Amino acid sequence: MLDKAPNGKVSDLLNALDKALSAGDVERAVELFQTDCYWRDLVTFTWNIKTMEGKDQVRDMLKARLADTKPSNWEIADGEGASEADGITEVWIQFETGVARGFGHLRMKDGRIWTLLTTMSELKGHEEPLGFDRPMGAKHGADRNRKTWKEEREAEAAELGHSRQPYCVIIGGGQGGIALAARLRQLNVPTIVIEKNERPGDSWRKRYKSLCLHDPVWYDHLPYLPFPRNWPVFAPKDKIGDWLEMYTKVMELNYWNSTVCKKASFDEKTREWTVVVERDGKEIVLKPKQLVLATGMSAKANMPKFEGMEAFKGDQHHSSQHPGPDKYKGKKAVVIGSNNSSHDICAALWENDVDVTMVQRSSTHIVKSDSLMEIGLGSLYSEQAVQSGMTTAKADLIFASLPYKIMHEFQIPVYNAIRERDADFYKRLEKAGFLLDYGEDGSGLFMKYLRRGSGYYIDVGASELIANGSIKLKSGVDVKKLTAHSVILSDGTELPADLVVYATGYGSMNGWAADLISKEVADKVGKVWGLGSNTTKDPGPWEGEQRNMWKPTQQEALWFHGGNLHQSRHYSQFLSLQLKARMEGIATPVYGLQKVHHLG
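About the cut-offs
- Residues numbered from 1 in each chain as written.
- Predicted model: local features only at pLDDT ≥ 70, side-chain atom pairs only at ≥ 80, totals over all residues.
- Heavy atoms only, no water.
- Phe/Tyr/Trp six-rings, centres within 6.5 Å; stacked < 30°, edge-to-face > 60°.
- Buried < 20%, exposed > 50% of the residue type's maximum accessible area, 1.4 Å probe, protein only.
- Lys NZ or Arg CZ within 6 Å of the ring centre and 35° of its normal.
- Helix = DSSP H or I, 4+ residues; strand = E, 2+ residues; numbered from the N terminus.
- Arc of directions from axis to C-beta.
- Pairing = 2+ DSSP bridges.
- Axes fitted to C-alpha atoms, helices over the stretch in contact; angles between N-to-C directions.
- Contact = heavy atoms within 4.5 Å.
- Polar contact = N/O pair within 3.5 Å; in protein donor to acceptor, adjacent residues only side chain to side chain.
- Expected span 1.5 Å × (residues − 1).
- Salt bridge = Lys/Arg side-chain N within 4 Å of Asp/Glu carboxyl O.

The next point concerns the packing of aromatic side chains. According to the stated counting rule, one finds 21 aromatic pairs in the structure shown. Seen in terms of ring centroids, Phe 33 and Trp 39 are 5.7 Å apart; in terms of plane orientation they differ by 15°. Their pairing is stacked. Both residues of the pair, Phe 33 and Trp 39, count as buried. Ring centres of Tyr 449 and Tyr 456 lie 6.4 Å apart, and the angle between their planes is 75°; on these two criteria the pair is classed as edge-to-face. Neither residue differs from the other here; Tyr 449 and Tyr 456 are each classed as buried. Among the aromatic side chains, those forming a connected cluster through ring pairs are Tyr 449, Tyr 456, Trp 529, Trp 550, Tyr 571 and Phe 574. The lysine or arginine in question, Arg 183, covers the ring of Tyr 224, its NZ or CZ lying 5.5 Å from the ring centre. Note that Arg 419 overlies the ring of Tyr 438, its terminal NZ or CZ placed 3.7 Å from the centroid.

This is how it looks when you write it as C-alpha cells:
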C-alpha cells in the first residue's frame, strides 16, 4: 500500500484537474495549484514557449486558452509511477488536447501542483511515421513505372526550390539547422537548408584545430540517431563534423551546401518570404512560408575596435577565424578575452611553443570538466544515469521542468559543492592573478549560459597552464591601443605581439536578421537570448524564457533556432510541431507573445 500512496495522491489530483478543465471551471483548476506555482508550457496550451508564474498567471492563461485547447485525459504516463522525497511528489504525466497529444512532468507539494511541465508530443493525424507506422521503403510487387528510392530522392532534389517551393527555409546548416530539418523531414514539411560552407559539418571543421566538445556525449545526441555507445566522451571537432555530414545524408535532408543567402523579405499580403540565394554561380529565388534563422549563437563575431588596429603589422583575427597554432611557433601571441575559446586557443598556442599572454578584462567562471560531469550533470547526463534507466528524452524534460525563475536555487548548491571540492584549484588560479566568479548569485555555469551565453570556461587543461604561469596573464585591464608590433594595455603595459586573437565573443542573433532582412525587422524582433535576469549582459525586465528562441517572434513567420547540441535536439521538436501545425492550417493562436525590451 505504501508504494501505491504517491500514485494515489497524484491520480486524485490529476482527476480533479481533468474534471475542472473539462468543465471549463478555471477557478476550481487554479485552486489545485500552490500559491508559488509554475506552469511551463511548450506549445500545448499557448502555441508558445511560456512559463506562467503564480496562480494569477495560470488563471489568465486558462481564461484565454482553455476553451480552444480542450484538454482531457490527464493521467500518470503509461508505465510510470510517482515518487516521493523531501515532501515533493514527482511524476510523469500524459494528456490530450483537441489537436495534440501531450507529455509532461508534475511536482506536487502539500497536495497541490508546485511545478507543471506540459509539452506537445505529436499532432493528431500528423504523427511521425515511427514503429508500426514506419515506411516500407522497398516497394514489393511489379510496376513498370517503378522508381527506386534513389530516383525519388533525385527527383525531389531537382524539384524542390525550382518547380516546387519549400514550405520552410532554414538559413544555417550547422547542428541546429540540421536537427530541425531532420524533425521537419519526419513530419513531411518540405524544407531546404541553406549553408554557405562546402560540406555539412564545416562549421566545426573550419574552427581552430584543438576545438572539441566540452559537454559530454550523453548531453549531445542528435534527434533520432544517438551517438554509438563507444563514441568518445568529448568529441573532437572533425569527428563531430563527419557525424553531421553523415546525418544529413541518412536523414535525407535537402541540404544546399555552398549556397549563400543574399537577402530575404516578407510580403505582408501574400504571407510568404522571398529569399534570394546564390548557388552554383546562379541566383535562385525561394518563396517559403516560414523562415528560420539557425545561424548560430556563436557565429555573429563581436569584433572590437581598438586604436591602432590598422597599424598592427602581425596577424590579427577573431577567435572564430583562428586557424590554429602551427604558423606561430616561436612567436609572441596576445589573446584578448578569457572564456572558452580564449583558453582553448591559448593552450594550443603554448603546446606549439608560442609565447602567449591572455588578457582578462573581466572575471570568468571556471569549472573543472570532471567536477561538472560528476556533480553538475551526473544525475541526468552520464553513463551512471543511463545505467539507472535515465533516457535522453527524460533527462531533457526534467531539465526543462525546472522553471527559470527558481533554477538558480537548484544550481547554487551544485556549484557550492564544486567550490568546496576544488578549493585548492581555485586558490592557485587566484594566486596567479586570475579573476574568478561563480555567477552573480553563485549559480554557476548553466545560469551564465542561459542568461548571457558567455562568461565561463569548462577546464580541460588550460587553467593549470595559467596557474603555473605557462600561459602568461594580464587581468583586470583592457586594451588601450595597438602599435605596429605590440598591444598596449590600460595600465601602460606593452605586450610585444606577432599575433593578436580577439576572443571577444559574439553578438545577438538578431544581427543576422539585420544583415539578411533589414534593421527594421531586427529591431522589431529585438534581442535574442537571455532571460531578463537583470545580471551582466542580460538586462531586465524578467522574461521567464529565452528571448525569441524556438518560438513565435514579433515578426510573423520568422523564427530563431539553435543553442548547444542539447538545446538544438530538445527544442527542435517543439519548433517543428509549430511549423507543421501552420502548414496544415491548424489554428495556432499565440498566447503571451514576447514583448521587445531590447534591440540587440
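What follows is about unusual backbone geometry. A cis geometry characterises the amide bond from Gly 540 onward to Pro 541, with omega recorded as 5°. Of note, Ser 258 is a non-glycine position whose phi angle comes to about 50°, a positive value. Among the secondary structure elements, Ser 258 is positioned in the loop between strand S10 (255–256) and strand S11 (259–267). One non-glycine residue, Arg 271, lies in positive phi territory at about 55°. Mapped onto the elements, Arg 271 comes out in the loop between S11 and strand S12 (272–279).

What helix H4 (residues 149–159) keeps buried is the set Arg 153, Ala 155 and Glu 156. Take H4 and look down its axis: the buried residues cluster within an arc of 160°, on one side only. Opposite its buried face, H4 presents the exposed residues Lys 150 and Ala 158, each directed more than 90 degrees away. Backbone geometry just after H4 places Gly 161 at a positive phi near 90°.

Turning next to the sheet that holds strand S25 (residues 558–560). Pairing in this open sheet of 5 strands is parallel, and the strands run S10-S9-S8-S14-S25 from one edge to the other. At either end of the open sheet lies a strand with only one pairing partner, and these are S10 and S25. Sheet analysis places strand S8 (residues 168–171) next to strand S14 (residues 290–293), joined by 4 bridges and oriented parallel. Directly across from Ile 171, in S14, lies its bridge partner Leu 293.

On to the sheet that holds strand S22 (residues 486–489), then. Sheet architecture is open: 3 strands sit in the order S21-S22-S23, paired in antiparallel fashion. Unpaired on one side and paired on the other, strand S21 (479–482) and strand S23 (494–496) mark the two borders of the sheet. Put simply, the sheet's adjacent strands are angled 25° from each other on average, direction ignored. Where S21 meets S22, 3 bridges bridge the pair, whose relative direction is antiparallel. Bridge pairing in S22 links Leu 482 to Val 487.

Of the two faces of S22, both are covered, the one formed by Ser 486 and Ile 488 as well as the one formed by Val 487 and Leu 489. The hairpin formed by S21 and S22 contains 3 residues between the paired strands. As defined by bridge partners, S22 adjoins S23 across 3 bridges and the pair is classed as antiparallel. Opposite Ser 486, over in S23, you have Pro 496 as the bridge partner. Counted between consecutive antiparallel strands, the loop separating S22 from S23 contains 4 residues, among which Gly 492 sits at a positive phi close to 95°.

Relative to the helices and strands, Glu 127 resides in the loop between strand S7 (112–123) and H4. The exposure class of Glu 127 is partly exposed, given its relative accessible area of 32%. Separated by 229 residues in the primary sequence, Glu 127 and Val 356 place their C-alpha atoms 55 Å from one another. In contact with Glu 127, not counting residues within four places along its chain, are Arg 101 and Glu 122. Among the polar contacts made by the side chain of Glu 127, one reaches the main-chain amide nitrogen of Gly 125 at a distance of 3.0 Å.

It is worth spelling out helix H7 (residues 237–250) at this point. Over its 14 residues, H7 runs 20 Å from end to end, which matches the ideal 20 Å to within 8%, given 1.5 Å per residue. Among the residues of H7, those classed as buried are Lys 237, Ile 240, Gly 241, Trp 243, Leu 244, Glu 245, Tyr 247 and Thr 248. Where H7 is buried, its residues touch helix H5 (175–186), helix H6 (202–205) and S10. Downstream of H7 by one or two residues, Glu 252 has phi in the positive range, about 60°.

A few words on the pattern of salt bridges. Counted by the stated rule, this structure contains 48 salt bridges. The shortest N-O distance in the salt bridge between Glu 84 and Lys 9 comes to 2.8 Å. Of this pair, Glu 84 sits in strand S4 (residues 83–85) while Lys 9 sits in helix H1 (residues 5–22); the two residues are 75 residues apart in sequence, bridging distant segments of the chain. Taking relative accessible area as the criterion, Glu 84 reaches 42% and is therefore assigned partly exposed. Looking at Lys 9, the relative accessible area reads 41%, which means it is partly exposed. Among the salt bridges present, the one from Glu 556 reaches Arg 271, with a minimum N-O distance of 3.1 Å. With Glu 556 in the loop between helix H17 (519–525) and S25 and Arg 271 in the loop between S11 and S12, the pair connects residues that are 285 residues apart, well separated along the chain.

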